[in-house]
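Chain by chain, the residues:
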Amino acid sequence: MVHDIAGSVAGFASFPNGGAGDGTVVEDDFMNAGNSVVTHELGHGFNLAHTFNGDNDGVDCPPDADCTVDGDGVCDTPPHKEGDCGMTNPCPGGGIWDNSRKNYMSYCGGTTRFTAGQRDRVLSAAYGSVRGTLFLSEGCIPADLPIETGITQIIYPYNQPLCDDTFSPIIEIKNYGTAAITTLTIETWLDGALYGTTNWAGNIAVDALGLVTLNPVTVTLGAHDIEYRIVDNNSMGIDTYIENNTLCTNLFFEPTVTDIPSCWDFEAGIIPQSWTTQGPLIRTQAYDSPQCANNGNTCLMFDAYNLNAGGGGTSSTLMMVPFDLTGLPGAALNFDVAMRQNYYADFTTTLEVMVSTDCGQSFTSVYLRKDTYFGNTEDLHTVPAPSSLPSSSWEPSSCNDWRRDIADLSAFVGGEVLVAFKMTIDRNRGENLYIDNICIQSCDGAVAAIPFNGPEVCYPDTVLIEGSTGNGYNYVWFKNGKPIPGEVNANLEVNLPGKYFIAVDVNGCRFTSDTVEVIINNPPTTQIIGNVSVCAGTPPRWMPSPDFLNTSGRQVKQPRSSRWWIPDNIL
């Protein structure tokens, strides 16, 4: 609650995202029973959109082809335009009109209701997003209880594909009581039935966190619900505040993919059931979108345009089923990507591909591109920003809107990996990101980067590094781990020290060379000394000045010169 909000704003709120700007703000004048501002804003806080969402600022009827996605994403609130609050709804689609015009999430007067569909959406946000932490709020826990513990989070595995049918869960416990916790009894429930019990012994100090590894669990193929329950503390039974004693997650087990290459074009209109998503805001879903004729018209979409992150930014992760790269000479992940550049130049959208060798407990980044931000050279977008603030989200409409990108997986051959796509926006919202035709494939080949001279030379000489050549090769040169803008030819001439290597993309694979460390030695500072007297047996030493130029601070290459010493003007 605040005393004043700039402009004619009674309140505002963010959708659940967990960012710095996540929350609800209301002016004190509207904190009373005479209006519904708090109700409306808290609706946003639990992931409810306006009933007129998608009306293009009151110009158009919102789309209504799929009620679970279009409009406000709720099926029992008919889409309408913001200003339409009369006795009938001018927009097509049917449904109970009062469910929208008298809804707390409309801008109509006399609002009196939420709907059953909105209730389900609120509950989903409450239990499945960052709002779930409200159930773990320490403000709900009575103070000065001698024995009081809670499960704060599931460390592993959490909402992800499983790499094996047997795993040992890890959960985090907090001691909220006034006495140390030395024993715990924790039940594991699998698909609604008690699976087993872990009797743990250790020490969790007062107001401290502790990790508890539970007894192994074995699952069958398919999707599973797993729940963990604290049922005893220090042999004194269940504690007083039971709401934080239980935590659950969804898991999916499917045999590791061994058939390489494997590709997904999403033409069935669904994401494989074994893939999982994490992240409260940016929805990942199959989405109809015109593309090249041979690629169909369905792809994945990270929906960053329609869901407001509340100013603090957010991210969403898509995890694929694990892959077995054993026995492959090399491997690569390649995919099509399309995105319109954000109209706001200082908004950043990032796409990252990450690989885990421990089934999602830790990840290594193998691909990272960003939308334009302060002239970043690794632009993620494939089409330029609109000339004015867009009023609707963008969809790819031609083959030219797409780009084929490659992530090298060769460093992980010989084992099993879990691959994840992660999209991040740093502000309120971003542009929708589209991904299609994902392939994991074997790569058999190698490239080299060989210094023609050097790699150690004296300035102003340069080092010519020659890369491997071949049909269809696309080159990217790197210096100190970062791509060199504009250097896309097989050879590279270097006049600055650093560590250089070449990446070659060909036939959906990326091959990288060994690193060449170039050393550029500066010539010594020298001068010719005039007439001198020396003692017998101690010859003088003369050093010539270097014959290179440095014009206006720019290094200018000069040909190697020859030098002669001339005594008494006789050569």
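Because the structure is a prediction, the values reported are computed rather than measured.

Enquirer: How should I be thinking about the overall build of the protein chain in this particular structure?
Expert: A tally of regular secondary structure across the protein chain gives three helices and 35 strands. Sequence separation of 24 or more characterises 67% of the internal contacts of the protein chain that already satisfy a separation of 6 or more. For the protein chain, the exposed area adds up to about 28600 Å²; of that, 51% sits on carbon and sulfur atoms.

Enquirer: Could you clarify how one ought to interpret the state of the cysteines in this entry?
Expert: What makes a disulfide is a covalent bond joining the sulfur atoms belonging to two cysteines. Throughout the structure, instances matching the rule amount to six disulfides. With its sulfur 2.1 Å from that of its partner, C263 forms a disulfide with C439. Every disulfide takes its handedness from the sign of the S-S torsion; for C263 and C439 that torsion is 120°, giving right-handed. Pair noted here: C263 is in strand β13 (residues 262–264) and C439 is in strand β24 (residues 433–442), with a separation of 176 residues, a long-range link.

Enquirer: Explain the pattern of salt bridges here, please?
Expert: Pairing between side chains of opposite charge can happen when their charged atoms approach one another. All chains considered together, the criterion is met by ten salt bridges. Among the ionic pairs, R119 bridges to D120, the shortest N-O distance being 3.2 Å. Note that D405 is salt-bridged to R369, the shortest N-O span being 3.5 Å. In this pair, D405 is assigned in strand β22 (residues 403–408) and R369 in strand β21 (residues 364–370), connecting sequence segments 36 residues apart. Since its relative accessible area comes to 4%, D405 is described here as buried. A single network of salt bridges, built from pairs that share partners, joins D98, R101 and K102.

Enquirer: What should I look at first to understand a nonpolar patch on the surface in this one?
Expert: Residues Y343, Y344 and L389 make up a contiguous nonpolar surface patch of roughly 290 Å² in combined accessible area. Secondary-structure assignment places L389 in the loop between β21 and β22.

Enquirer: Honestly, helix α1 (residues 37–45) in this entry has me stumped. Any pointers?
Expert: Each α-helix turn comprises 3.6 residues. Residues three or four places apart therefore point the same way. Taken residue by residue, α1 has V37, H40, E41, G43, H44 and G45 as its buried positions. Next to the buried residues of α1 lie β1 (11–13) and β2 (24–26). Following α1 by one or two positions, N47 adopts a phi angle in the positive range, close to 75°.

Enquirer: What's the story with the confidence of the model for the protein chain in this structure? I'm lost.
Expert: Should pLDDT be low for a region, the predicted coordinates there are not to be read in detail. Across the protein chain, pLDDT averages 85, with 85% of residues at or above 70. Low pLDDT (under 50) marks residues 547–562, which in the prediction has 22 contacts with non-local residues, meaning those over four places away or in another chain.

Enquirer: I'm lost on the side chain of D336 in this one. Help?
Expert: Mapped onto the secondary structure, D336 falls in strand β19 (residues 331–339). At a separation of 2.7 Å, a polar atom in the side chain of D336 contacts the side chain of N437.

Enquirer: It is not clear to me how the environment of S387 should be interpreted in this structure. Could you clarify?
Expert: Summarising the element assignment, S387 is placed in the loop between β21 and β22. With a relative accessible area of 79%, S387 lands in the exposed category. Measuring from C-alpha to C-alpha, the distance between S387 and Y343 comes to 7.7 Å, with 44 residues separating the pair along the chain.

Enquirer: What am I meant to see in unusual backbone geometry here?
Expert: Excluding glycine, a negative phi dihedral is what most residues carry, and trans is how most peptide bonds are arranged. Backbone torsion omega between Y156 and P157 reads -15°, so that peptide bond is classified as cis. The topology assignment puts P157 in the loop between β3 (149–156) and β4 (160–162). Along the chain, I260 connects to P261 via a cis peptide bond; the corresponding omega equals 10°. Within the chain, N47 stands out as a residue other than glycine whose phi angle is a positive 75°. For N480, which is not glycine, the phi dihedral falls at a positive 55°. Structurally, the position occupied by N480 is in the loop between β28 (474–479) and β29 (482–483).

Enquirer: Whenever I open this one, the sheet that holds strand β30 (residues 491–494) confuses me. Can you help?
Expert: Either a parallel or an antiparallel arrangement is found when strands of a sheet pair, and the pairing is made through backbone hydrogen bonds. Spatial ordering of the open sheet is given by β25-β27-β30, a layout of three strands whose pairing is antiparallel. Each edge of the sheet is formed by a strand with only one pairing partner; in this case those strands are β25 (449–451) and β30. In this sheet, adjacent strand axes meet at a mean angle of 20° when their direction is disregarded. When β25 meets strand β27 (residues 463–467), the two strands line up antiparallel, connected through three bridges. Across the sheet, the residue bridging to P451 is I465, located in β27.

Enquirer: Explain the sheet that holds strand β12 (residues 246–253) here, please?
Expert: The strand order across the open sheet formed by five strands is β4-β12-β11-β7-β8, and the pairing between neighbours is mixed. Among the strands making up the open sheet, the edge pair consists of β4 and β8 (193–204). Neighbour-to-neighbour, the strand axes of this sheet turn through a mean angle of 35°, independent of strand direction. Where strand β7 (residues 181–190) meets β8, nine bridges bridge the pair, whose relative direction is antiparallel. Within the sheet, the bridge partner assigned to T185 lies in β8 and is N199.

Basis of the calculations
- Residues numbered from 1 in each chain as written.
- Predicted model: local features only at pLDDT ≥ 70, side-chain atom pairs only at ≥ 80, totals over all residues.
- Heavy atoms only, no water.
- Helix = DSSP H or I, 4+ residues; strand = E, 2+ residues; numbered from the N terminus.
- Contact = heavy atoms within 4.5 Å.
- Areas by Shrake-Rupley, 256 points an atom, 1.4 Å probe, with all protein chains shown as cover.
- Disulfide = S-S within 2.5 Å.
- Salt bridge = Lys/Arg side-chain N within 4 Å of Asp/Glu carboxyl O.
- Buried < 20%, exposed > 50% of the residue type's maximum accessible area, 1.4 Å probe, protein only.
- Patch = residues over 30% accessible without salt bridge, like charges linked within 9 Å, V, L, I, M, F, W, Y side chains within 5 Å.
- pLDDT = per-residue confidence, 0-100.
- Polar contact = N/O pair within 3.5 Å; in protein donor to acceptor, adjacent residues only side chain to side chain.
- Pairing = 2+ DSSP bridges.
- Axes fitted to C-alpha atoms, helices over the stretch in contact; angles between N-to-C directions.

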